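# Observations on chain architecture
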Amino acid sequence: MTSPPVSGAFGVLEATRSAISFKTSCAMDFSAGISNQEDASQWKKWRTSLNANSPSSGILREIEASLPTLSSPEYYIEPCFDELVIRELMDPGYCSQVSDFTVGRCGYGSVRFIGETDVRWLDLDNIVKFHRHEVVVYEDESVKPVVGQGLNKIAEVTLVLKLTSLDVGEWRNGSILEKLRQSTEKQGAHFISFDPANGEWKFLVPHFSRFGLSDDDEEDIMTDDAAAVQEPEMDGDEQLSDIDEEAQLDHSGSLLSHSLPAHLGLDPVKMNEMRMLMFRDEEKEEDDFSDIRTHQKSSFSKEYVRPPLQNSTRISHKSSPLTLRKTPLALLEYNHGSFNSTSPGAILMAQQIKSTPHKKLKTEGFKLDLKRETPVTGKSSNFIVDAGLVMGRSFGIAWGPNGTLIHAGAPVGCDGSQKVLSSVINLEKIAIDKVVRDENNKVREELVDFSFDSLLNLHKGINHETKEVDFGSFKLKLQKPVSNRVELSEICRNYADIIQKQLEVPNISSSSRSVLMHQVLVWELIRVLFSERENGGQLKSSDVDNEEDMMQDVKEAAPEVDPEALPLIRRAEFSYWLQESVGGYVQNDISSLDETNYLQHIFLLLTWRQLDAAVELAVSKGDVRLACLLAQAGGSVVNRSDVAQQLNLWKDNGLDFRFIEKDRIRLYELLAGNIHGALHDLELDWKRFLGLLMWYKLEPDASLPYVFRTYQHLLDNGRAPSPVPVYVDEALVEEDISWRTKERFDISYYLMLLHANDGNQSGFLQNMFSAFSSTHDPLDYHMIWHQRAVLEAIGAISSEDLHVLDMSFVSQLLCLGQFHWAIYVVLHMHYNKDFPYLQANLIREILFKYCESWSSQESQRQFIEDLGVPVAWLHEALAVYYNYHGNLSKALENFLECAHWQKAHTIFITSVAHTLFLSGKNSEIWRLATLMEDHKSEIENWDLGGGVYISFYFLRSTFLEDMTALASLESKNVACRNFISQLNESLAVWGSRLPVDARVAYSKMAEEMCSMLLSDLGDGSTRDAQLSCFNTVSSAPIPEELRSSHLQDAASLFTCFLSEIAT
């Protein structure tokens, strides 16, 4: 009997199972123990054999669509996806009741959901998240199902903890085990086990939110900050510790553990009693220090905050446990802060014991009576007594590396109402690297390359002339770029190309992008104003499209250009540059206009000098007469005078201008050349005003110097907008800046003045090459330095008083780790006879201060050597560095290389020679000693230092070779006596500077010489000579036991001598 047909999807499914049953026989053996690898292999073969258009393929797609989603490569599930598909095919509905479903992340842990779980359509990427020592399920509470549904159910959690060897020792004592058990119970879970071998911590949870280690638990257990399990999302702010929020307290809670008495080793209790007797009028400490606590906590306002753990009270990311130094130390706890002006870090002057737990601190210190006057200021004060003043001004202010400022004053950005503890030292970092940071405040390597390496390599490629200058016994090759105005066009375009590449870097802030675009225009302006053509010193024409008519005529003309046309060509190029500069402003203004007000639109087009577009717009609106006037705008002066005369006639005849649109009158005034009348109720930026002045006010053939001087005259009389820098013009800075005229203008304006004055700087170079002339970052000098260098190379400027610019750029390079380029910039500083050693001192200071960095980078070291810096200076810096860090053998080698013979000799005697001698490295001692022997005239006490080793090896070789010079016992005795005397005198001169090992080496040398001397006592020598040898040995610096043995031998010899006399 045949079965009845089944319709619908179930029928298709049954038919599919029947058709492929022979292909899935391997899948039926899961219960028989077939491995997952075999199942996966069979599944792949079966899946490949399916026809994409077959019904079975559609069923497969439906099953796969219902599977849970998990895209992160670090995560995994059990059963795997292929196994879920196979089981769903063979057992429909399997995915709705998966037994012991497991989700895990490699290196972090896993979660096994007890019982049967419906895994269909689960978005595991957003549901289950593993972090360092914690797991989160359903982080978004709004989508969390009720307990028992979805994944919000009972589960076994396994977290992988990274432990140090110290933690393993604590586990053996039961410390970690107990802490983990307490942490588990505190979160409402049930502790199962902990395996210290692999760090797996298992516990059972009834339902889900967030489970793991809290900050306090993690700090107690001292988990290791292994890089393999660090969070990818963590940034610098997450690594801040909350030391300020958990300051230490003593048991009474009324005394500062970091107060001045404790710091000076006095009894805080007795000092507190004395304070109460001397300063009775006390205000409540809450009033004095509420602002302080608020400010200290504000340092962590940007810290990443996570929701609390299950049944936990406070959680935040921490990177590593606080490492405490040994007591007593004045500056113990260090919190680096976030290095910005609003959240400074602090160094707390505290004395702590490592085993002392953190307690709550009552912020109370020494206060001054408000009724008294301080002896320093003569004014009433409510501040804490300055610890620096009390301790004799032992600490005031200091600069750390890379622009770090350490001070005991009020932090930057705080108001005057805040009271600052005298025991708090603020650490703040100057933001000197803004130019290489993106909008997320992250340093980008591409920006470092384009802002410094690429630009400086371009500068290095310009022709240079060198000048050798003597600095003592050394020579430096001071450099100066040299070019001409014919090559200037290519140089400016190369600089602009690098900036264009920098603009292509993603995630650049909008303010940085605006400044960079402005720099492109500045380089183009330098090319326009100062470049020349190859033919007879004529201008190089620009290759840009859409030039003015005159520019097009120039490009189509023959290479030979009439010299009289050169000013007009330069004017045309400048006109095009001006249009490019103001185009963005005009387009923004046009976009905000009402489409019906075409007259304002036309006026804005005229400020951009888009005459064709203005005429077309007027014609499209049916205003043909206005279009005819616009077509003649900026042309003949006669046309302007005609329009001006017509306006005057209307005024003289009493024409009521109320019946003419205000914007039309504005256009007429502009066409008449009356730009102030056209702008009487409008405010334009200075570049558009300069354009109106040149295009519609002055004659069409007016030279650029005349245009610039006219604008300067109007500016001095207050009739022209101030040429403010681009970041003010475009409102790139949020804070209000008070701009005083004749102090800080845009660098473009200074370039125009430089061109108008024909190289006469008139004292404005200092302002021209300040950071504020082109950027709102007062510490960014990288582009201005290049612009100054190029202008000097072509002879446009000449100044020897811009050392502030050079030093500022050097400081910027040093803070960014570009030490080799900093030395390169120093070599380009002008030589000043009043300060002849300026360059040498700067280079030596850089080499000494940053020795560890440049010496570890072979490319930087080679670059410095290629610059002609004396190699002896590099070795001297390395010698001081190795000497400071205790690597005395390398320090000795470098002192020898830089010919510091006295320092090398001191290290050789006090630290190196005896070590080599006791190690049997006699050839190395001989090499070092003979190197210094050639310069012994420059070494103090050479005979009692390195000369001792020279004498020893020479004397020993003489004894061993049995030279005729020491054939007799008397001559050998004299030589040994002289050497032993040299040893004793050396010990007396060097004294305590010789360590014990050096004295041992001296003793062994004396012992060897004595042994060789006494070994030659024979029948051929007289008794007097033999006794004299023992007398020599008795004065040698040898051990007392050996000395006693030699005395016994001497006594025996003397007895024999007496016996011989008696017989």
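Source: prediction; values computed, not measured.

Rules used throughout
- Residues numbered from 1 in each chain as written.
- Predicted model: local features only at pLDDT ≥ 70, side-chain atom pairs only at ≥ 80, totals over all residues.
- Heavy atoms only, no water.
- Helix = DSSP H or I, 4+ residues; strand = E, 2+ residues; numbered from the N terminus.
- Contact = heavy atoms within 4.5 Å.
- Areas by Shrake-Rupley, 256 points an atom, 1.4 Å probe, with all protein chains shown as cover.
- Pairing = 2+ DSSP bridges.
- Axes fitted to C-alpha atoms, helices over the stretch in contact; angles between N-to-C directions.
- Parallel < 35°, antiparallel > 145°, perpendicular 65-115°, else oblique.
- Left-handed = near helix turned anticlockwise from the far one by under 90°.
- Phe/Tyr/Trp six-rings, centres within 6.5 Å; stacked < 30°, edge-to-face > 60°.
- Lys NZ or Arg CZ within 6 Å of the ring centre and 35° of its normal.
- Buried < 20%, exposed > 50% of the residue type's maximum accessible area, 1.4 Å probe, protein only.
- Salt bridge = Lys/Arg side-chain N within 4 Å of Asp/Glu carboxyl O.
- Core = buried A, V, L, I, M, F, W, Y, C linked by side-chain atoms within 4.5 Å.
- Expected span 1.5 Å × (residues − 1).
- Arc of directions from axis to C-beta.
- Nonpolar A, V, L, I, M, F, W, Y, C, P; charged D, E, K, R; others polar.
- Patch = residues over 30% accessible without salt bridge, like charges linked within 9 Å, V, L, I, M, F, W, Y side chains within 5 Å.
- pLDDT = per-residue confidence, 0-100.

Before going further, it helps to examine the overall build of the protein chain. When helices and strands are tallied, the protein chain shows 43 helices and 18 strands. Taking contacts inside the protein chain between residues at least 6 apart in sequence as the whole, the part at least 24 apart equals 64%. Summed over all atoms, the accessible surface of the protein chain reaches about 53000 Å², with 51% contributed by carbon and sulfur.

Strand order across the open sheet formed by 3 strands is β6-β7-β11, with antiparallel pairing between neighbours. Of all strands in the sheet, those bounded by a partner on one side alone are β6 (128-131) and β11 (210-212). Across the sheet, the mean angle separating the axes of adjacent strands is 15° when strand polarity is ignored. In terms of strand pairing, strand β7 (residues 134-137) meets β11 through 3 bridges, oriented antiparallel. Its bridge partner being in β11, Glu-134 is matched across the sheet by Gly-212.

This next bit is on the side chain of Gln-818. Along the chain, the position of Gln-818 falls in the loop between α30 (803-815) and α31 (819-826). Contacts of Gln-818, omitting those with residues within four sequence positions, involve Val-448, Asp-453 and Leu-813.

The next point concerns the packing of helix α29 (residues 782-793) against α30. Working note: a packed helix pair is described by the angle between its axes plus the distance between those axes. Direction vectors running N to C along α29 and α30 enclose 135°, while the axes themselves pass 9 Å from each other. In terms of orientation, α29 lies oblique with respect to α30. Regarding α29 and α30, the two cross each other, and that crossing is left-handed. Mapping the contact onto sequence places His-782, Ile-784, Trp-785 and Arg-788 in α29 and Leu-805, Asp-806, Phe-809 and Gln-812 in α30.

This next bit is on the packing of aromatic side chains. The final tally for this structure, using the stated rule, is 34 aromatic pairs. Counting every residue linked through ring pairs, the aromatic cluster contains Phe-908, Phe-917, Trp-926, Tyr-949, Phe-952, Tyr-953, Phe-979 and Tyr-1002. Here the guanidinium or amino end of Arg-105 rests over the ring plane of Tyr-108, the centre of that ring lying 3.8 Å away. Note that Arg-844 overlies the ring of Trp-873, its terminal NZ or CZ placed 5.6 Å from the centroid.

So, on to unusual backbone geometry. Here Glu-78 and Pro-79 are connected by a cis peptide whose omega angle stands at 0°. Structurally, the position occupied by Pro-79 is in the loop between β1 (75-78) and α4 (81-90). Not every positive phi belongs to a glycine, and Trp-121 is a case in point at roughly 60°. For Trp-121, the position within the fold is in the loop between β5 (116-117) and α5 (124-127).

One can find His-1046 in helix α43 (residues 1040-1062). Dropping the residues within four chain positions of it, His-1046 is found in contact with Leu-1014, Phe-1030, Val-1033 and Ile-1038.

On to the pairing of β1, then. Note on strand geometry: in a regular strand, side chains alternate between the two faces of the sheet. The alternating pattern of β1 places Tyr-75 and Ile-77 on a buried face and Tyr-76 and Glu-78 on a face that is not buried. Note: β1 against strand β3 (residues 102-105), 4 bridges, orientation antiparallel. Pairing of Glu-78 across the sheet is with Thr-102, part of β3.

Turning next to the sheet that holds strand β8 (residues 155-160). The strand order β1-β3-β4-β8-β10-β9 describes an open sheet built from 6 strands, whose pairing is antiparallel. Each edge of the open sheet is held by one strand with a lone partner, namely β1 and β9 (190-195). The mean inter-strand angle of the sheet, taken between neighbouring strand axes irrespective of direction, is 15°. Lying on the sheet, helix α7 (residues 175-186) is in contact with β9 and β10 (200-205); it crosses β9 at an angle near 150°.

Think of it this way: side chains of opposite charge can pair up when their charged atoms draw near. A complete count under the given rule lists 30 salt bridges for this structure. Residue Glu-141 pairs with Lys-144 through a salt bridge whose shortest N-O separation is 3.0 Å. For Lys-144, a relative accessible area of 21% gives the class partly exposed. We note a salt bridge from Arg-664 to Asp-623, for which the minimum N-O separation is 2.7 Å. Remark: Asp-623 occurs in the loop between α19 (611-620) and α20 (624-631) and Arg-664 occurs in helix α22 (residues 662-671); sequence separation between them is 41 residues. Classification of Arg-664 as buried rests on a relative accessible area of 11%. Put simply, Lys-129, Glu-134, Glu-139 and Arg-210 are held in one network by salt bridges that share partners.

This part takes up the nonpolar core. Grouped together as the largest cluster of nonpolar side chains are 198 residues, with contacts concentrated most on Phe-574, Leu-791 and Tyr-949. Of all the elements, helix α41 (residues 996-1014) adds the most residues to this core, at 10 residues. In contact with Leu-791, not counting residues within four places along its chain, are Ile-526, Phe-530, Leu-751, Leu-754, Met-768, Phe-769, Ala-796 and Ile-797. Counting 43 residues, the second largest nonpolar core, distinct from the first, contains Leu-60, Val-119, Val-135 and Phe-208.

With that out of the way, let us pick up α7. For α7, which comprises 12 residues, the first-to-last C-alpha distance of 17 Å matches the rise-based estimate of 16 Å (1.5 Å per residue) to within 8%. Directly beyond the C-terminal end of α7, a positive phi value near 80° is found at Gly-188.

Where β9 lies against β10, 5 bridges are found, and the strand directions are antiparallel. The residue of β10 that forms the bridge with Asp-195 is Glu-200. Between β9 and β10, which pair antiparallel one after the other, the connecting turn spans 4 residues, and Gly-199 there sits at a positive phi close to 75°.

Attention now moves to α19. Among the residues making up α19, those that are buried are Leu-611, Ala-614, Leu-617 and Ala-618. Take α19 and look down its axis: the buried residues cluster within an arc of 130°, on one side only. Across from the buried face of α19, at angles greater than 90 degrees, the exposed residues are Asp-612, Glu-616 and Ser-620. Contact partners of the buried residues in α19: α18 (598-607), α20 and α24 (686-697). Directly beyond the C-terminal end of α19, a positive phi value near 80° is found at Gly-622.

Right, let's talk about the packing of helix α15 (residues 510-530) against helix α27 (residues 747-756) for a bit. Interhelical geometry of α15 versus α27 gives an angle of 5° and a closest axis separation of 10 Å. As judged from the angle between their axes, α15 and α27 are roughly parallel. On the side of α15, the interface is formed by His-518, Val-522, Leu-525, Ile-526, Leu-529 and Phe-530, while α27 contributes Ile-747, Ser-748, Leu-751, Met-752, Leu-754 and His-755. Grouping the constituent residues of the contact of α15 with α27 by class yields 9 nonpolar, 3 polar and no charged.

Turning our eyes to something else, we now look at a nonpolar patch on the surface. On the surface, a nonpolar cluster with roughly 240 Å² of combined accessible area is contributed by Leu-918, Val-996 and Val-1000. Tracing the backbone shows Val-996 in helix α41.

On the secondary structure map, Val-160 appears in strand β8. Residues within four places of Val-160 in sequence aside, it is in contact with Gly-107, Tyr-108, Gly-109, His-133, Asn-198, Gly-199 and Glu-200.

Once that is clear, we can look at the confidence of the model for the protein chain. Summary statistics for the protein chain give a mean pLDDT of 76 and a share of 70% for residues scoring 70 or more. Residue range residues 48-52 is modelled with pLDDT below 50. Its contacts to residues more than four positions away, or to other chains, number 7 contacts. Ignoring residues within four places in sequence, the model shows residues 280-385, a span with pLDDT below 50, making 260 contacts including any to other chains.

Examined against the element boundaries, Pro-73 turns out to sit in the loop between α3 (55-66) and β1. Along the sequence, Pro-73 and Cys-106 sit 33 residues apart, while their C-alpha atoms lie 9.3 Å from each other.

Examined against the element boundaries, Glu-661 turns out to sit in the loop between α21 (637-652) and α22. Expressed as a C-alpha distance, the spacing of Glu-661 and Leu-599, which sit 62 residues apart in the sequence, is 8.9 Å.

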